[in-house]
Amino acid sequence: MNTNTVKISSSNLNLYYGSNHALKDVNLELYTNKITAFIGPSGCGKSTYLKTLNRMNDLVPNVKIEGEVLLDGENIYDQRVDTTLLRKKIGMVFQQPNPFPMSIYDNVAYGPRIHGIKNKSELDDIVEKSLKGAALWEEVSSRLKKSALGLSGGQQQRLCIARALAVEPEVLLMDEPTSALDPISTLKIEDLMDELKEKYTVAIVTHNMQQATRIADHTAFFLVGEIVEYAPTTELFTVPKDKRTEDYITGRFG
Amino acid sequence: MKKNYIKTLAITGLTILAMSSLAGCAGKTAETKASDTATTAGSKTDTTAAESTTAKGAASGDLKGSISMVGSTSMEKFATALSEVFMEKNPSVTVQAEFVGSGAGIEAVGNGSADIGNSSRNLKDEEKAKGINENIVAIDGIAVVTDTKNTVGNLTKDQLISVYGGTVNNWKDLGGSDQPIVVIGRESGSGTRTAFEELLKLEDKCKYSNELDSTGAVMAKVASTPGSIGYVSLDVLDDTVKTFKLENTEPTPENIKAGSYFLSRPFVMATKGEISAQNDMVKALFDFIYSDEGKELVKSVGLIPAN
Amino acid sequence: MQPKTYSIFSGHGSKSGIERAAEVIFTICGFFAVLAVASISLYMLISGTPALFKVGILDILFGSTWMPTAASPSFGILYVILTSIIGTAMAILIGVPVGVMTAVFLAEVAPPKLTKIVRPAVELLAGIPSVIYGLLGILVLNPLMYKLELKIFAGSTTHQFTGGANLISAVLVLSLMILPTVINISETALRSVPQHLRSASLALGGTQIQTIFHVVIPAAKSGIVTAVVLGTGRAIGEAMAISLVSGSSVNIPLPFNSVRFLTTAIVSEMSYSSGLHKQVLFTIGLILFAFIMIINISLNNILKKGDAQHD
């Protein structure tokens, strides 16, 4: 019996880049306060799907999207949707760390500031809270005014996580967040995820199947724009129902 | 690294050497270079007056070589016509003329970089003291012009003085419509301006709203600005502007010769020393100017021959 | 049995003849460039300083009467200096914001079909000779300014009417002239801001305008400052275009006064001048040179400070 609540669900989602049918009839449910991993070979559409959830695909020219994505019951592709509010509710961390060329403080405070928070002590609190939430506070609290570009790769990625947390989202989308990082930073971020899921719903695209097994509650396997299989992680990896899934996870292709 | 140290030293040393040699030449050529390269809206019939090859003591008979003429923009029409006719008569002679201003012209002839200096004003005493000869070749009238729509047609000498002196600044005080007077003139150092101000005894007292640097620019500005007034050489008049009568006298050659049109000034082709001391080509040029044919040429460009 | 192989020693070490020749050529070219700059600086100093001592530094720099051909000449260029400073500053204040905003429009906002038309047009504008701008000024700007002048100063007995050739006309022409430079360089700078910074801002819920003003423009700062420096250089050194529209009388730089800039002062009187007058004109050139050096150095320092903050 599934006692999970659904945070985001997509039904009959189709996406076209020009004439390229990149996502085919994707039906998927992301559960509240759980980590869902998307795995699959390169070009299978997992990153594309992730980006439909916060409408970042809108920025791509020649893109066409059909179908529905419901966030707490509201269709995010409805005419009445304010995308800035949507992206406040759903945060994103990218594959390459992309801090702004500003100080660490200004990076984290950027989100709250553009959403209207001006009070300095309020911002100070938010910055501290977010940096702690990203397990970065200890390392940078003494140099908040220094440029973010002086941090190491792993620290920068955690800064990007803190930055995303600062606007107090409910969902966190992470697009291969550790693929550009060294093993130690990767480990730190994976440890972070367990804490994150207590407050947020997390969806993570990963190339690394071991990472999925380590941190994800549910895993979806994408292939050529479709979902082949979606199940709780241990099930998917031990008793996959589809032959293609089994071939992928045993390394026969991918 | 020792190698880099030597390299840097060598380069610095060479730079200093090169700069000092350039600086040495710089001092001498500063004056002439400035007058050569600074050209305003005036034109040139031939480039580089620096090549003033004066073939002294050339074989009599066919003249060969070049004459360089530098000076007033007002004299451009005359100088160009003169050069063309003279070169037709003497095919092996080139007359190179440059129009950069009376002051520059006199200076050029004074320091020997030009054979003839054209000036649209009399020479000053200190210029004559340098041994520069004032050879008056024609008399030019200065016309006062305004835009074609101006209703005023005549100015007295006093009215002209009051306009340029700044005491009158609206045409209605001169019998015209209620329109401010836009006072246009030439820049300081212009032969036309010097002559104009001297004749009206307004030296250094004129307050211009526009100081333009060539006769052509004044014509263009006056033609396109309602209520403007400006002064130009007589021979450039055309129907884009309206010419004032001064003391009810039109600026015509007859009136100038008769003395009834009071705004006139000499065209001077100055030489270093007497004409008889110049080279054969220059002497021939002056012979031509003072001949009957030369006087006809002077008249044909709207000037009055000097006696 | 050792297989046959070859020695790694060659006669010329690690640098072949061609490499060394190339090095020499580059050094010579660099040498000439440095030589040119150094010579110009030295020349300006040598020609410009004699008049400073003959006439007196205070008299030249702070005197307000310019009558170089009078019986007792005065060479005060205070108003001329002020005109150059104020005119250039005004041109920058108008030209830079308009230029940067246009660059933002082209780089961030405009649909691709529009940019395909507008960008080549702007690049073309950058190549138009200064004189053309001056001619446009005479044909279009001056008559308009004159009409404005008549309206504003109607009935005034103290204002000397200039027929439209005044400081404002010159400033407008200058702003127009620096626009293409500012637009082109700013646009390039904006375009080279990596896309992932914009994505980061948008993913945080920022609007496009917020992204442009809080992320893209600050990230492109050094390119934009370069654009400003180059635009300023063009504005302060312009002579031809503004000599046709600025009136050339020496006055206080008020908007509707006929004014003379450092550049037009040199251009209009150089050909007629002689002796001390000419030397003073060289001094004006030296002052202009000093101005440009000061502006370049201070703007570069601002840039360096900005960069240092980021380390």
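Each value, and the rule that gives it
Residues numbered from 1 in each chain as written. Chains lettered and ligands numbered in written order. Predicted model: local features only at pLDDT ≥ 70, side-chain atom pairs only at ≥ 80, totals over all residues. Heavy atoms only, no water. Helix = DSSP H or I, 4+ residues; strand = E, 2+ residues; numbered from the N terminus. Rg over C-alpha atoms; globule rule 2.2 N^0.38 Å. Contact = heavy atoms within 4.5 Å. Buried area = accessible area lost by both parts, 1.4 Å probe. Salt bridge = Lys/Arg side-chain N within 4 Å of Asp/Glu carboxyl O. Polar contact = N/O pair within 3.5 Å; in protein donor to acceptor, adjacent residues only side chain to side chain. Buried < 20%, exposed > 50% of the residue type's maximum accessible area, 1.4 Å probe, protein only. UniProt positions renumbered as here; feature names shortened; annotations may be inferred. Pairing = 2+ DSSP bridges. Nonpolar A, V, L, I, M, F, W, Y, C, P; charged D, E, K, R; others polar. Domains from an automatic or database assignment.

Undergrad: Sorry, what's going on with the overall build of chain C here?
TA: The helix and strand inventory of chain C stands at twelve helices and two strands. When the helices and strands of chain C are placed in sequence order, the string is α-α-β-β-α-α-α-α-α-α-α-α-α-α. Taken over the C-alpha trace, chain C has a radius of gyration of 26 Å; the compact-globule value for 311 residues is 19 Å, which it surpasses by more than 25%. Dimensions of chain C, computed from C-alpha atoms along their principal axes, come out at roughly 105 × 55 × 35 Å. When contacts within chain C are restricted to residue pairs at least 6 apart in sequence, those whose partners lie at least 24 apart make up 70%.

Undergrad: Would you mind going over the interface of chain A and chain C with me for this structure?
TA: Reports of interface size often rely on the accessible area that becomes lost once the parts have come together. Chain A puts 22 residues into the contact, and the matching count from chain C is 19 residues. Together, Pro101(A), Tyr110(A) and Ile114(A) form the three largest contributors to the area buried by chain A at its contact with chain C, with a combined 29%. Put simply, chain A and chain C have zero salt bridges between them. If you look at where chain A meets chain C, you find four residue pairs in polar contact (both at pLDDT 80 or more). Those elements that provide at least two residues to the side of chain A that touches chain C are α2 (83-89), β6 (90-93), α3 (104-114) and α6 (153-165) of chain A.

Undergrad: What is the right way to read the pattern of salt bridges from this model?
TA: Once the charged atoms of two side chains with opposite charge are near each other, the side chains can pair. Inspection of the entire model under this criterion finds 31 salt bridges over all chains. A salt bridge links Glu197(B) to Arg193(B); the nearest nitrogen and oxygen atoms lie 3.0 Å apart. In this pair, Glu197(B) and Arg193(B) are both assigned in helix α6 (residues 191-199), four residues apart and thus about one turn of the helix distant. You'll find Glu197(B) and Arg193(B) in the same group, each marked buried. Residues Arg260(C) and Glu269(C) are paired through a salt bridge, measuring 2.7 Å at the closest nitrogen-oxygen approach. Overall, the relative accessible area of 2% leaves Arg260(C) in the buried class. The network of salt bridges with shared partners includes Arg193(B), Glu197(B), Glu211(B), Arg260(C) and Glu269(C).

Undergrad: Explain the UniProt feature "transmembrane region" (unreviewed entry) in chain C to me, please; I cannot follow it from the model alone.
TA: Residues and elements named next belong to chain C. Look at the UniProt record and you will see "transmembrane region" (unreviewed entry) annotated at residues 21-46, 76-109, 121-141, 161-183 and 280-299. Along residues 76-109, the helical share is 94% and the strand share 0%, with 50 Å between the first and last C-alpha atoms. As annotated, residues 161-183 comprises 74% helix and 0% strand, and the C-alpha atoms at either end are separated by 35 Å.

Undergrad: Explain the pairing of strand β9 (residues 228-233) of chain B here, please?
TA: Looking down a regular strand, the side chains alternate between one sheet face and the other. Residues and elements named next belong to chain B. By the criterion of burial, β9 is predominantly enclosed, with six of the six residues buried. One ladder, built from five bridges, connects strand β5 (residues 136-146) with β9; its direction is antiparallel. In the strand pairing of β9, Val144 is matched with Tyr231. Note that strand β7 (residues 182-186) and β9 share two bridges and pair parallel. Counterpart to Val182 in the pairing with β9 is Ser228.

Undergrad: Honestly, the interface of chain C and chain B in this entry has me stumped. Any pointers?
TA: Counting from both sides, the interface comprises 42 residues of chain C and, opposite them, 44 residues of chain B. Salt-bridge contacts for Arg260(C) lead to Glu211(B); the nearest nitrogen and oxygen are separated by 2.7 Å. There are eight residue pairs in polar contact (both at pLDDT 80 or more) connecting chain C and chain B. Where the side of chain C that touches chain B is concerned, the elements lending two or more residues are α1 (17-55), α5 (130-152), α11 (262-269) and α12 (275-309) of chain C. Among the elements that line the side of chain C that touches chain B, the one with the most residues is α1(C), at nine residues. Here the side of chain C that touches chain B is built from residues that sort into 19 nonpolar, 19 polar and four charged.

Undergrad: How should the arrangement of the chains be read in this particular structure?
TA: Summarising the chain contacts, two pairs of chains touch, and the pair with the most contacts is chains B and C. Structurally, chain A and chain B remain out of contact, their C-alpha atoms never closer than 32 Å.

Undergrad: Would you take a moment to explain the domain arrangement of chain B for this structure?
TA: Residue and element names in this part refer to chain B. Considered domain by domain, chain B is made up of domain 1 (65-139 + 266-305) and domain 2 (140-264). Domain 1 and domain 2 are separated by 26 Å when their C-alpha centres are compared. Contacts between the two partners involve 14 residues from domain 1 and, on the opposite side, 16 residues from domain 2. The contact between domain 1 and domain 2 buries some 1200 Å² in all, and 54% of this surface belongs to carbon and sulfur atoms. Three residues stand out in domain 1 for area buried against domain 2, namely Ser74, Arg121 and Ile304, and they jointly supply 37% of the buried area on that side. In this structure, the connection of domain 1 to domain 2 is made through zero salt bridges. Going through the elements one at a time, α3 (102-110) and β5 are the ones with two or more residues in the side of domain 1 that touches domain 2. Split into classes, the residues belonging to the side of domain 1 that touches domain 2 amount to six nonpolar, six polar and two charged.

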